[in-house]
Amino acid sequence: APLPGPGAPLAMSIELEHAIGCNVGFKSICHFHPNGNHYVKAVGGVVIVGDLSDPHEQTFLHGHDDFITCLAVSNDGRLAASGQQGQNADVILWDLNSRRQLYCFQEQDHGIDCLCFSFDDRYLFSAGMATDARVFVYDTQSGLIICWAQLHPKPTISVVSGGFVRDIKRRDTHEYQFAACGGKTIAVWHLDAMKGEMTPQQIGNAGKQTREYTSLAFASDYEHLFAGTTTGDVAVVLMKNRVVQQFIPCCSGGVTMLICIPAQGGTRLAVGGGDGTATILSGPTPCDIREERQVTLDGPLMSMSLSSNKMDLLTVSSQGTAYLMRTKDLAVKVHNQVSSGALYDVAYVAGVSELFLTCCGDGLVTLWDANDYSAKLRCPVRTRSYPTAVAATEDILVAGCNDGRLLSYDCAQGQNLWHIDNAHKGGVTSVKLASNCRFILSGGVEGDLRIWEMKTRDMASHLSEHKGRITEVQIFPNDQYAISCSRDRCLLTWDLRQQKRLTAHRERHGGINCLAVAANQTTVYTAGQERQLTYWDLRMADPIAVYPMEEEIHSISLSPDGQHLAMAGTGLVVKVWDLNQHAVVSRGVGHSRPIQKVTFSPDGKQVVSVGLDHAALVWNFYA
């Protein structure tokens, strides 16, 4: 379709409104912006600049095609740099004022482990993964490569900038200084930008103690370097002779993050631990710091960032919870929560456009409030299993798990009401609630459809005709009929009262992944492995129409007015299909891994998509 001229609104469009997520599997992925009002974080392959006080204010920077593994924000807040993993391990330099891409550096392969701006933001230090084994330094103004060298230490887990190299009388020379650590090594890089050379120099161990280092921070005067270790101590290095002076015990589970907080007449260090603790160490000199205060959060701390006024820390735990902490007394307040694993299903609470549920690989069913994108409930299923399908009314939610259990929770408090063990051998793939709330229909990996009485939790009927994994089930509005599709290529309708099959339709070659039933209850849309969208009339044996697709579609959802289908799959794009024009009329880019599920809100104004990139994206739909 031709696009309207500039300024004219698109007749039919989908626009990214909010992304729920954060790449908490990687370190230092969420930062305070130096202006004090915004944060910068990575979700899947998207960099997000968001307002700390307004959850609806988010800007999206698109440019990566796989997980962003590292993120750095310049000291003046003008620039940000992000690096990704995968085939195109690009480093992208962003202008945060105009919110656009400045440069894309395509030098490295396999993945980027660390990024760091020099103290004056003139240069960007980029360390590749151990398989890439190279370090590059880029000029942030011209976008040119200043120099490159072999990676040292290998792998490099953390890099910090340390002003200029100093001579024996501790005067600044013209060489820039970066410290890098990994394994049992800490190295100091000397960068001579004039000559385009860089050389690493190793830091010596005092005595026979060896440690594995995980994180670094320079003291504010650059005379000492602090290094966190896997054994939970902080090593203090004197930069004058470059030797470890001593180890200060701090936490268990290893030190994950270090930040030096500028203090009057003394040293203050914030330490994030693998045991979920945040600790402030303080003392008159760097060698005399001791624990001053410690708080425990809900999981290992993956990210820690200091605000420009040095009053607050923004910390993110591996559970996906972001906290704002005061540096003076470690007073903690939860800022927001996100899912920390791959997402498998999303469903709105029946008839409510403000509340939707997601099923996550971290083992939680989460109820989200679409007004401020906060997590109202987080319901855990059993350990070592995760939820794969969910359905809910305003009172209860029912989730099916990959270990074959069905669980129910109360939607007000989130307490576990009941569970059915071994509801489906091999796992539950789809769950739906009857509109009168008297029974539950569930489908499983082995092709069984089962009906469960809500009151007694007994199995009322067992319909086994599918030979393959059931991908989706739906109940017709009168609660008497149901329809199911499966990887065995079949689309079957059922009379639930008489417990028998009514109709059967079959695709030619590939399994069916998803279905949608039109309001007339005879037209059904399906899509799947054949890479095509099929229109069926349940009264006719053959499809009415078939439209080829560019990818395998994993999920389709019909808009409440019956005019549009939202669909998504392996192509990473949410598409809106117009059922009158029989064409894609709008595309939404934002996911960086296959999308598992899309759904329209009951009022038809929003679409939510979830995928294996740990992101739940909320789209505004303008018809």
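Model, not experiment: these values are computed from the prediction. (Residues numbered from 1 in each chain as written. Predicted model: local features only at pLDDT ≥ 70, side-chain atom pairs only at ≥ 80, totals over all residues. Heavy atoms only, no water.)

Here's the deal with the overall build of the protein
Right, so step 1: A tally of regular secondary structure across the protein gives zero helices and 56 strands.
Right, so step 2: Scaling as 2.2 N^0.38, a compact globule of 623 residues should have a C-alpha radius of gyration of about 25 Å, and the protein matches this with 27 Å.
Right, so step 3: Scored against the burial criterion, the 623 residues of the protein give a buried share of 60%.
Right, so step 4: A separation of at least 24 residues holds for 42% of the contacts in the protein among residues at least 6 apart in sequence.
Right, so step 5: Approximately 24,800 Å² of the protein is accessible, and the part contributed by carbon and sulfur atoms is 47%.
Right, so step 6: Taking the average place of the 52 positive charges on the side chains of the protein and the average place of its 63 negative ones, the gap between the two points comes to 4 Å. (Helix = DSSP H or I, 4+ residues; strand = E, 2+ residues; numbered from the N terminus. Rg over C-alpha atoms; globule rule 2.2 N^0.38 Å. Buried < 20%, exposed > 50% of the residue type's maximum accessible area, 1.4 Å probe, protein only. Contact = heavy atoms within 4.5 Å. Areas by Shrake-Rupley, 256 points an atom, 1.4 Å probe, with all protein chains shown as cover. Lys, Arg positive; Asp, Glu negative; His and termini not counted. Charge placed at Lys NZ, Arg CZ, Asp CG, Glu CD.)

Quick word on the environment of His-509
Right, so step 1: Among the structural elements, His-509 can be located in the loop between strand S45 (500-506) and strand S46 (512-517).
Right, so step 2: If near-sequence neighbours (up to four positions away) are discounted, His-509 is found in contact with Arg-489 and Glu-530.

A few points about the sheet that holds strand S27 (residues 312-317)
Right, so step 1: Taken together, the four strands give an open sheet; going across it, the order is S26-S27-S28-S29, and neighbouring strands pair in antiparallel fashion. Both edges of this open sheet fall to strand S26 (301-306) and strand S29 (332-337), since each of them pairs with a single strand only. Strand-to-strand twist of the sheet, defined as the mean angle between neighbouring strand axes without regard to direction, takes the value 20°. (Pairing = 2+ DSSP bridges. Axes fitted to C-alpha atoms, helices over the stretch in contact; angles between N-to-C directions.)

Focus: the pattern of salt bridges
Right, so step 1: This structure, assessed with the given rule, holds 19 salt bridges.
Right, so step 2: Its salt-bridge partner being Arg-211, residue Asp-233 comes within 2.5 Å of it at the nearest N-O pair. Residue Asp-233 is found in strand S20 (residues 233-238), and its partner Arg-211 is found in the loop between strand S17 (197-202) and strand S18 (213-218); the two are separated by 22 residues along the sequence. Each member of the pair, Asp-233 together with Arg-211, is buried.
Right, so step 3: Measuring nitrogen to oxygen at the nearest pair gives 3.4 Å for the salt bridge that ties Arg-450 to Asp-448.
Right, so step 4: Among the residues examined, Arg-450 registers a relative accessible area of 14% and is labelled buried.
Right, so step 5: Residue class for Asp-448 comes out buried when judged on its relative accessible area of 13%.
Right, so step 6: Taken together, the shared-partner salt bridges connect Arg-166, Arg-170, Asp-172 and Glu-223 into one network. (Salt bridge = Lys/Arg side-chain N within 4 Å of Asp/Glu carboxyl O.)

With respect to the environment of Val-334
Right, so step 1: Note on placement: Val-334 falls in strand S29.
Right, so step 2: Considered as a pair, Val-334 and Leu-324 are 10 residues apart in the sequence and their alpha carbons are 6.3 Å apart.
Right, so step 3: Among residues more than four places away in sequence, those in contact with Val-334 are Thr-321, Ala-322 and Tyr-323.

Read these as spatial facts, not as claims about activity.
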